[in-house]
Amino acid sequence: MSAGSCLRSEDQFLCCICLDVFTDPVTTSCGHNFCKNCITEHWNSNDQYLCPMCNKVFYTKPELHINTLLTEMVSQFREEAQQKASSSSSEQQAAKPGEVPCDVCTGTKLKALKSCLVCLTSYCETHLEPHLTASRLKRHQLMDPVENLEDRMCMKHDKPLELFCKTDQECVCMLCSVLDHKTHEFVPLKEEYEGKKAELGKTEAEIQQMIQKRRLKIEEMERSINFSKGNADREKAGVQVFITLKESVERSLNELIETIEEKQRTTEKQAEDFIKELEQEISELMKRSSEVKQLSRSEDHLHLLQNFPSLKAAPPTKDWTEVSVRPPSYEGTVVRAVTQLEKTLSKEMNKLFEAELKRVQQYAVDVTLDPDTAHPYLILSDDEKQVNHRDVKKNLPNNPKRFSLCPCVLGKQSFSSGRFYFEVQVKGKTDWDLGVARESINRKGQITVRPQYGYWTIVMRNGNEYKAGNNPPVVLSLKSQLQKVGVFVDYEEGLVSFYDVDAAALIFSFTGCSFTEKLYPYFCPGPNYGGKNSAPLIICPVNQTE
């Protein structure tokens, strides 16, 4: 018999009482087959002799006949099943530690494929086949293999745990529902399982959301670390510039001292040479003086007259009247050194400013003007990037966000965290205000652009007067007229800085600010002044040069 035919006829070899393959199969007079032991115990435990298959009543205990043909067929079936099991077991894996083993396997325990909640037995692939093919066993409840199946039985009534008591929140058997929990509310385990599974799904979704939030927070912190590292590296570069300047100062100082000392050494050498020459002449003159004295004391007339001409002649000396040692001039030496140092310092500072401007430009944002806030005398371009003042007042609705007296306008974009930067062209103007303002500023009537009133700005007046809107205002000394201004804000740091973009120089910074509201870019192109100040303020794209 082939394996295929074995599987197709397997249902014929199952005893309807034990639901297992026949052992010592016998036949009743009504023609039905049973295990000899099963039918005997069945009749011994009942008052009547009934056939379990057709319910035929026997008034006397029937005589059982051994079914020889069925016995041979069962024996053959067992052999083939054993061979198939042996073949299958070579392909299946033995149960590893932590895996559920098959309860039926003898010898090597194979890995269980399913557990039966009715039989309270775990089966490997081979021993599971009857549950997949036998009509009676197909009704059994199978599940993924689990250990300790006895835990799924009611310890009190030795019945399967099939119900869930919602009152006591525990699993119970059918007898529990009519005895110990008869007034309680019950649902099938599957129904409660589906509900709890749905809750677990929600819980899992919530957990995943929490995980995602924490991962995003980790990414945020990692970005902060990287940003901090970048800032630290840039500051270290600044420190290196400082070290370079320090070395330059020390080098210039050493060169200056060396120049002074070299001049002093040259002067001393000249003086020493003169002194040496003078001392030599003095020595010769003293010798001549001694000879003159000695000759003048001589009483030998002839000797004096003969030697007089040689001593009367002028001694071999030079005229020292115009000879002198002039102290070296140090005038301008220190000034020239300081001037050169100042040039070096200015060059290195420009490098620092360029690096700083490049750093803040990476936070550039796209800013546009908000027409709902613009004063009626202001004209905004179609792209909402330019604003200037005209002498004609527009008829606009009385918007609570609109400036009523001062010719100002805010940006559409607001910022309540992080850093942002934008640039504005101020070329050709004689008056303007520029900066940021908090959301709650007063927009009606006269305004004062000071931090205590919610404004952080710099202003230009009369074509060349620059001030920071502090309290009191700070006069700004600039080397040249501003053409383009960069505005940078670090919300958490409480910093508002203004840059001369063309010169790559810092103009002014408000530090230690405390921001608690949304901040908006703030623009005031100033009055038109008959056309003298008609040029617009222009929000420019940020050119981040390499």
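See above for the structure.
I will try to describe carefully the structure that is included in this document. Predicted, not measured: the structure shown is a model, and the values here were computed from it. (Residues numbered from 1 in each chain as written. Predicted model: local features only at pLDDT ≥ 70, side-chain atom pairs only at ≥ 80, totals over all residues. Heavy atoms only, no water.)

Moving on, we come to the overall build of the protein. Summing up its helical and strand segments, the protein has 8 helices and 24 strands in all. For 546 residues, the compact-globule estimate of 2.2 N^0.38 gives 24 Å, and the protein exceeds it by more than 25% at 55 Å. Here the C-alpha coordinates of the protein stretch approximately 195 × 95 × 45 Å along the principal axes. Taking all 546 residues of the protein together, the buried fraction comes to 34%. A fraction of 57% describes how many contacts in the protein between residues 6 or more apart in sequence connect residues 24 or more apart. Accessible area of the protein: about 34,300 Å², with a carbon and sulfur share of 52%. Here the protein contributes 69 positively and 78 negatively charged side chains, and the mean placements of these two sets differ by 6 Å. (Helix = DSSP H or I, 4+ residues; strand = E, 2+ residues; numbered from the N terminus. Rg over C-alpha atoms; globule rule 2.2 N^0.38 Å. Buried < 20%, exposed > 50% of the residue type's maximum accessible area, 1.4 Å probe, protein only. Contact = heavy atoms within 4.5 Å. Areas by Shrake-Rupley, 256 points an atom, 1.4 Å probe, with all protein chains shown as cover. Lys, Arg positive; Asp, Glu negative; His and termini not counted. Charge placed at Lys NZ, Arg CZ, Asp CG, Glu CD.)

Attention now goes to the packing of aromatic side chains. Each aromatic ring pair is summarised here by two numbers: the centre-to-centre distance and the angle between the ring planes. Summed over the entire model, instances satisfying the criterion amount to 14 aromatic pairs. Note on tryptophan 432 and tyrosine 466: the rings are 6.3 Å apart at their centroids and 55 degrees apart in plane angle, and the pair reads as tilted. Of this pair, tryptophan 432 sits in strand β16 (residues 432-438) while tyrosine 466 sits in strand β18 (residues 465-468), and the two are 34 residues apart along the sequence. The exposure class of tryptophan 432 is buried, given its relative accessible area of 0%. Here phenylalanine 508 and phenylalanine 510 contribute two aromatic rings whose centre-to-centre distance is 5.0 Å and whose plane-to-plane angle is 80 degrees, an arrangement assigned as edge-to-face. Look at phenylalanine 508 and you get buried, because its relative accessible area is 14%. Among the aromatic residues, those joined into a ring-pair cluster are Trp43, Tyr49 and Phe58. (Phe/Tyr/Trp six-rings, centres within 6.5 Å; stacked < 30°, edge-to-face > 60°.)

Counted according to the given criterion, the structure contains 16 salt bridges. With a closest N to O distance of 2.9 Å, arginine 265 and glutamate 258 form a salt bridge. Three or more residues are tied together by salt bridges with common partners; here these are Lys166, Glu192 and Lys196. (Salt bridge = Lys/Arg side-chain N within 4 Å of Asp/Glu carboxyl O.)

Moving on to the side chain of aspartate 433. Structurally, the position occupied by aspartate 433 is in strand β16. By relative accessible area, aspartate 433 is classed as buried at 5%. Sequence-distant contacts of aspartate 433, that is, excluding residues within four places in its chain, are made with Val449, Ile458, Val459, Arg461, Tyr522, Phe523, Cys524 and Leu537.

We now examine the nonpolar core. Trp432, Val485 and Phe523 are the most contacted members of the largest nonpolar core, which totals 37 residues. When near neighbours in sequence (up to four residues on either side) are disregarded, phenylalanine 523 contacts Val367, Leu369, Pro407, Cys408, Val409, Gly411, Phe422, Val424, Asp433, Leu434, Leu537 and Ile539. (Core = buried A, V, L, I, M, F, W, Y, C linked by side-chain atoms within 4.5 Å.)

Either a parallel or an antiparallel arrangement is found when strands of a sheet pair, and the pairing is made through backbone hydrogen bonds. With antiparallel pairing, 3 strands are arranged side by side in an open sheet as β10-β9-β11. In this open sheet, the two edge strands, each paired with only one partner strand, are β10 (170-172) and β11 (186-188). Sheet twist, expressed as the mean angle between neighbouring strand axes with direction ignored, is 35 degrees. Where strand β9 (residues 163-165) lies against β10, 3 bridges are found, and the strand directions are antiparallel. (Pairing = 2+ DSSP bridges. Axes fitted to C-alpha atoms, helices over the stretch in contact; angles between N-to-C directions.)

Time to look at the environment of asparagine 399. Within the secondary structure layout, asparagine 399 lies in the loop between β13 (386-389) and β14 (409-410). Classification of asparagine 399 by relative accessible area gives buried; the value is 17%. C-alpha of asparagine 399 to C-alpha of histidine 127: the two residues are 272 residues apart in sequence and 82 Å apart in space. Not counting the four nearest positions on each side in its chain, asparagine 399 is found in contact with Asp372 and Lys444.

As a volume, the second largest pocket reaches approximately 510 Å³. Leu117, Gln141, Arg152, Leu161 and Leu189 are, among the 16 residues lining the second largest pocket, the residues nearest its centre. Those elements that place two or more of their residues in the lining of the second largest pocket are β8 (142-143) and α6 (189-296). Looking at which element gives the most residues to the lining of the second largest pocket, the answer is α6, with 4 residues. Here the lining of the second largest pocket is built from residues that sort into 11 nonpolar, 1 polar and 4 charged. (1 Å grid on protein atoms, 1.4 Å probe; cavity = no way out; pocket = protein on both sides within 12 Å on 5 of 7 lines; lining within 4 Å. Points joined across faces, edges and corners; volume = space filled by probe spheres on them. Nonpolar A, V, L, I, M, F, W, Y, C, P; charged D, E, K, R; others polar.)

Among the structural elements, asparagine 528 can be located in the loop between β23 (519-524) and β24 (537-540). The class of asparagine 528 is buried, set by a relative accessible area of 8%. Residues within four places of asparagine 528 in sequence aside, it is in contact with His389, Asp391, Asn533 and Ser534.

Taken as a whole and judged by the stated rule, the model has 0 disulfides. As a non-bridged cysteine, cysteine 35 has cysteine 15 as the owner of its nearest cysteine sulfur, 3.9 Å distant. Left without a disulfide partner, cysteine 54 is nearest to the cysteine sulfur of cysteine 51, which lies 3.6 Å away. Classification of cysteine 54 by relative accessible area gives partly exposed; the value is 37%. (Disulfide = S-S within 2.5 Å.)

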